[in-house]
Amino acid sequence: MSKAIRMSRTGGPEVMEYVDVDVGPPGPGEATVQHAAIGLNFIDVYFRTGLYPQPLPNGLGMEGAGTVEAVGEGVTHVKVGDRVAYAGRPNGAYAQVRNLPASLLVVLPEKIAFDTAAAMMLQGMTAQYLLHRTAHLKPGDTILWHAAAGGVGLIACQWAKVLGVNLIGTVGSEEKAALAIEHGAAHVINYRRENFVDKVRELTGGEGVSVAYDSIGQDTFYGSLDCLAPLGLMVSFGNASGPVPAFAPSELQSRGSLFLTRPTMMHYTAKREDLEATARSLFGVVASGEVKIAIHQRYHLPDVAQAHIDLESRKTTGSSILVPR
Ligand SMILES: NC(=O)c1ccc[n+]([C@@H]2O[C@H](COP(=O)([O-])OP(=O)(O)OC[C@H]3O[C@@H](n4cnc5c(N)ncnc54)[C@H](OP(=O)(O)O)[C@@H]3O)[C@@H](O)[C@H]2O)c1
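A brief look at the structure comes next. Residue numbering note: each chain is counted from 1, following its sequence as written. This being a predicted model, a pLDDT of at least 70 is required before a residue's local features are given, and a value of 80 or more before pairs of side-chain atoms are given or counted; all residues contribute to the totals for chains, interfaces and linings. Side-chain numbers come from the whole structure's heavy atoms, not from hydrogens or water.

1. Description of the layout of surface pockets
Reasoning step 1: Grid points spaced at 1 Å over the protein atoms alone were grouped into cavities, where a 1.4 Å probe fits but cannot get out, and pockets, open sets with protein on both sides within 12 Å along at least five of seven lines, with lining residues defined by an atom within 4 Å of a point. Grid points are joined across faces, edges and corners, and a volume is the space filled by probe spheres set on the points. If you add up the space inside the largest pocket, you get close to 1100 Å³.
Reasoning step 2: What counts as a helix is a DSSP run of H or I of at least four residues, what counts as a strand is a run of E of at least two, and both are numbered from the N terminus. If you list the elements that add at least two residues to the lining of the largest pocket, you get α1 (42-49), α2 (114-134), α3 (151-162), α8 (265-268) and α10 (304-312).
Reasoning step 3: When residues of the lining of the largest pocket are assigned to their parent elements, the largest contribution, six residues, is made by α1.
Reasoning step 4: Here the term charged refers only to Asp, Glu, Lys and Arg, the term nonpolar to Ala, Val, Leu, Ile, Met, Phe, Trp, Tyr, Cys and Pro, and the term polar to all other amino acids, Gly among them. Class assignment of the residues belonging to the lining of the largest pocket gives a composition of 25 nonpolar, 18 polar and six charged.

Written as C-alpha cells, this is what we have:
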C-alpha cells in the first residue's frame, strides 16, 4: 500500500483526498517510481477545477523525481535503481509511488538533485521549448513575459539572459519585481499598478516587442497583442486568469499582421528524441549554474490543498515541490 492524492469530482482544493492506493506491478512499457519529490504546477489547478477535463476518479500531478523500483515488459532505457525524473501525462504524480509510461522517464545526471529535478522538469522544459523552438530569438531581441516571478517565469528570466534576449517581465508585487530583476529580467512592470501596454511601448521606444509570452490568458490577452511590433508573435501558453474567449482573426491583422500560437509542452516533447534533447538542454544550463531552480515553497504531500490555495492566490514565487511522506 502507498499514499496518493485522488479526486472523484472537480472543484476547490478540498476535492483532493489523501488515500491508500494499491500500486501493483508495472504493466508492459511502464515503470514503478518511488518519488523523492513531486512538482507542483499551475496545470494541476486546471485539472482540479475541470478547466482541463479528465475521466474521474483520477490522480493529479504531472511531474516527479525519484528511483525506479520496477520495470514492466519491454522497458529497456531505464532499470531498477536508476535516478529518474519526468513531466507529462497521465496525471498521478501526487503519490508516494506510482506506475507510469517509462517513455516519459529521463535518467538524471548525478549533479541534479531530486528536489531540483521535481521542481524543474515541467517548468524548465517549457521555458526551453518556448525560448528555443516556439520563437526564433536572436541576441538583442526584446520579449514580454508575464508572471516573470513564477515557476516558469524565473527560469525564463535567467535563460533569456543567457541567450542575450531582453526580457520585460510583468509581476503582481514589488517583492516579485525584485526577484525577477535578480534573476535576469531586463525590466519589470507591476501590472497591478501600471498599464503594462503603455509601459512596454515606453520601454521599446514605441516599437513593441517581437514576442509576447502570455500564460495569464483572459486578463492580459488583448494587452499582450497590443505590445507586439508588426509581424510579432503572440505565444499564448496558459490561462492562470481564465481561458481566452473566442476572437476574430482580424484582431491579428489590425494590430500588424501578427502571428499567434497556442503551444503545449506535451506536443514539443511527444517524440522521444525531442524529450531527450529538451531535457538535455535543461540539464546543461542547470548543471552549469547558468539557470538556478528557485524552490521557494515546499509542502508535505498531505498538505497539497494548501499548496493549491497558495498557487491560485498568487502567493508563491519560483517553483514549489511536494514532499511525500
Ligand atoms: N503550455 C505549456 O506548455 C505550459 C507549461 C507549463 C506552464 N504553463 C503555464 O504557465 C503558467 C505558469 O505556470 P507555473 O506553474 O510556473 O505557475 P506560476 O507562474 O508560478 O503561478 C502563476 C502566476 O500567474 C500570475 N497570475 C496572474 N493572474 C492570475 C490569476 N488571476 N490567478 C492566478 N495567478 C495569476 C501570478 O503571478 P503575479 O502575481 O506575478 O501576477 C501567479 O503567481 C501557467 O499559466 C501555466 O498553465 C504552460
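2. Topic: the site of the ligand
Reasoning step 1: Any residue with a heavy atom positioned within 4 Å of a molecule or strand is treated as near that molecule or strand. Every one of the 30 residues lining the ligand counts as a neighbour, but Tyr129, Lys176, Tyr191, Met265 and Arg314 are closest to it.
Reasoning step 2: The separation between an oxygen atom of the ligand and a polar side-chain atom of Tyr129 is 2.7 Å.
Reasoning step 3: Ser215 has a polar backbone atom sitting 2.9 Å from an oxygen atom of the ligand.
Reasoning step 4: When the free accessible area of the ligand is taken as 900 Å², the share hidden by the protein chains comes to 92%.
Reasoning step 5: Being in a pocket or cavity means that more than half of the molecule's atoms lie within 2 Å of its grid points. A majority-of-atoms criterion places the ligand in the largest pocket.
Reasoning step 6: Looking at the shell around the ligand, the elements that each hand over two or more residues are α1, α2, α3 and α10.
Reasoning step 7: A per-element tally of the shell around the ligand places α2 first, with four residues.
Reasoning step 8: Here the residues of the shell around the ligand are counted per class, giving 14 nonpolar, twelve polar and four charged. In the analysis that follows, any N or O atom pair within 3.5 Å is treated as a polar contact, provided that within protein one partner can donate a hydrogen and the other can accept it, and provided that, for residues neighboring in sequence, both atoms belong to side chains. For the area figures, the Shrake-Rupley method with a 1.4 Å probe applies, and any residue is considered shielded solely by the protein chains shown.

3. Remarks on α3
Reasoning step 1: Over its twelve residues, α3 extends 18 Å from the first C-alpha to the last, a length consistent with the 16 Å expected when each residue adds 1.5 Å.
Reasoning step 2: Here's how the labels work: a residue is buried when its accessible area is under 20% of the maximum for its type, exposed when over 50%, partly exposed in between, all with a 1.4 Å probe on protein chains only. With ten of twelve residues buried, α3 lies mostly within the body of the structure.
Reasoning step 3: Within α3, burial applies to Gly151, Val152, Gly153, Leu154, Ile155, Ala156, Cys157, Gln158, Trp159 and Ala160.
Reasoning step 4: Where α3 terminates, the next one or two residues include Gly164, which has phi positive at roughly 75°. A helix is expected to reach a length of 1.5 Å times the quantity of its residues less one.

4. Quick look at the pairing of strand β3 (residues 30-40)
On a regular strand, each side chain points to the face opposite its neighbour's, so the side chains alternate between the two faces of the sheet.
Reasoning step 1: Summarising burial for β3: eight of the eleven residues are buried, a large majority.
Reasoning step 2: One bridge is not enough; two strands pair if DSSP finds at least two bridges between them. Here β3 pairs with strand β6 (residues 97-101) via five bridges, running antiparallel. Looking at the pairing, Ala31 lines up with Leu100 of β6.
Reasoning step 3: Across three bridges, the pairing between β3 and strand β15 (residues 319-323) is antiparallel.

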